[in-house]
Amino acid sequence: MTEPLENVRVGMTGRKEIVVSRELTVGHHVDGMPFVYATPMMILAMEIASGDAVKAHLPPGWATVGSEINVRHLAPTPMGRMVVATARVIEVSGRSILFAVEAHDGARMIGEGTHRRGAVNLDSFAKRLGGA
């Protein structure tokens, strides 16, 4: 069997753009908090950018899933602003990929860190979860 990450290379990049809506703010989810871009939503955008960086290079029936995140949220972003999350492959080891991730809101960098994803066979993954 071929290795699922044999076509993934250091330097591959992905990006996710999103406009900060009320639903993406911490204030929408937690009473009394400000209506600024929520940290979990920033991390989700970074995860999507990471997955997008490599998905076209995986064999059919394979995907990547997040396994580790180490991110700092550096600055608040108000509603209405566009956030661009980027991911760059910095290491490929076995079935694991490490990404450098960043998020910018047009005015400044709002987040940075690393994110690790693992390659999984979707059929095997579903069977382990009890689905088909």
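Residues numbered from 1 in each chain as written. Predicted model: local features only at pLDDT ≥ 70, side-chain atom pairs only at ≥ 80, totals over all residues. Heavy atoms only, no water.

Asks: What is the right way to read the nonpolar core from this model?
Replies: Here is a general trend for soluble globular proteins: nonpolar side chains tend to be buried in one another's company. Residues V8, Y37, V54, V89, I97, F99 and I110 are the most contacted members of the largest nonpolar core, which totals 25 residues. Listed by contribution, the elements that provide at least two residues to this core are α2 (39-54), β3 (82-93), β4 (96-104) and β5 (109-121). Broken down by element, this core gets its largest block of residues, six residues, from α2. Leaving out residues up to four positions away in the same chain, I110 has contacts with Y37, M42, R72, H73, L74, A75, T77, V83, A103, H104 and D105. (Core = buried A, V, L, I, M, F, W, Y, C linked by side-chain atoms within 4.5 Å. Buried < 20%, exposed > 50% of the residue type's maximum accessible area, 1.4 Å probe, protein only. Helix = DSSP H or I, 4+ residues; strand = E, 2+ residues; numbered from the N terminus. Contact = heavy atoms within 4.5 Å.)

Asks: Is there a simple way to think about the pattern of salt bridges in this case?
Replies: Note that side chains of opposite charge can pair when their charged atoms are close. Scanning the entire structure with this criterion turns up eight salt bridges. A salt bridge links R81 to D105, with the shortest nitrogen-to-oxygen separation between them at 3.3 Å. Of this pair, R81 sits in the loop between β2 (62-73) and β3 while D105 sits in the loop between β4 and β5, and the two are 24 residues apart along the sequence. Assessed through its relative accessible area of 29%, R81 is described here as partly exposed. Salt bridges linked by common partners bring E68, E91 and R116 together as one network. (Salt bridge = Lys/Arg side-chain N within 4 Å of Asp/Glu carboxyl O.)

Asks: Where do I start with the sheet that holds β5 in this structure?
Replies: By definition, the strands of a sheet pair up through backbone hydrogen bonds, in either a parallel or an antiparallel sense. Taking strand neighbours across the sheet as the criterion, the five strands line up as β1-β3-β4-β5-β2 in an open arrangement whose pairing is antiparallel. Two strands close off the open sheet at either side, each with one partner strand: β1 (13-19) and β2. Strand-to-strand twist in this sheet, taken as the mean axis angle between neighbours without regard to direction, amounts to 25 degrees. Sheet topology note: the β1/β3 ladder contains seven bridges and is antiparallel. When the bridges of β3 are listed, E17 appears paired with V84. Along the sheet, helix α3 (residues 122-129) makes contact with β2 and β5, crossing β5 at roughly 90 degrees. (Pairing = 2+ DSSP bridges. Axes fitted to C-alpha atoms, helices over the stretch in contact; angles between N-to-C directions.)

Asks: I would appreciate a short explanation of the side chain of T64 in the present structure.
Replies: Turning to its location among the elements, T64 is positioned in strand β2. In this view, T64 contacts G51, V54, L58, I97, R117, G118 and A119; residues no more than four positions away in its chain are not counted.

Asks: Just checking my understanding: could you explain α2 for this structure?
Replies: Each α-helix winds once per 3.6 residues, and so residues spaced three or four apart point in a common direction. Helix length check: α2 (16 residues) gives 24 Å between terminal C-alpha atoms against 22 Å at 1.5 Å per residue, within 8%. Among the residues making up α2, those that are buried are M42, I43, A45, M46, A49, S50, G51, A53 and V54. Buried residues along α2 sit against β1, β2, β3, β4 and β5. (Expected span 1.5 Å × (residues − 1).)

Asks: It is not clear to me how the side chain of T25 should be interpreted in this structure. Could you clarify?
Replies: Within the secondary structure, T25 is located in the loop between β1 and α1 (26-29). Relative accessible area serves as the criterion here: at 0%, T25 is assigned to the buried category. Reaching out from T25, the side chain makes a polar contact with the backbone oxygen of R22 at a distance of 2.7 Å. Setting aside residues up to four positions removed in sequence, T25 forms contacts with V20, F35, V36, Y37, A38 and M79. (Polar contact = N/O pair within 3.5 Å; in protein donor to acceptor, adjacent residues only side chain to side chain.)

Asks: Just to check I follow, could you spell out α3 for this structure?
Replies: Summarising burial for α3: zero of the eight residues are buried, a small minority. Structurally, the start of α3 carries an N-cap: the backbone nitrogen of D123 is 3.0 Å from a side-chain oxygen of N121.

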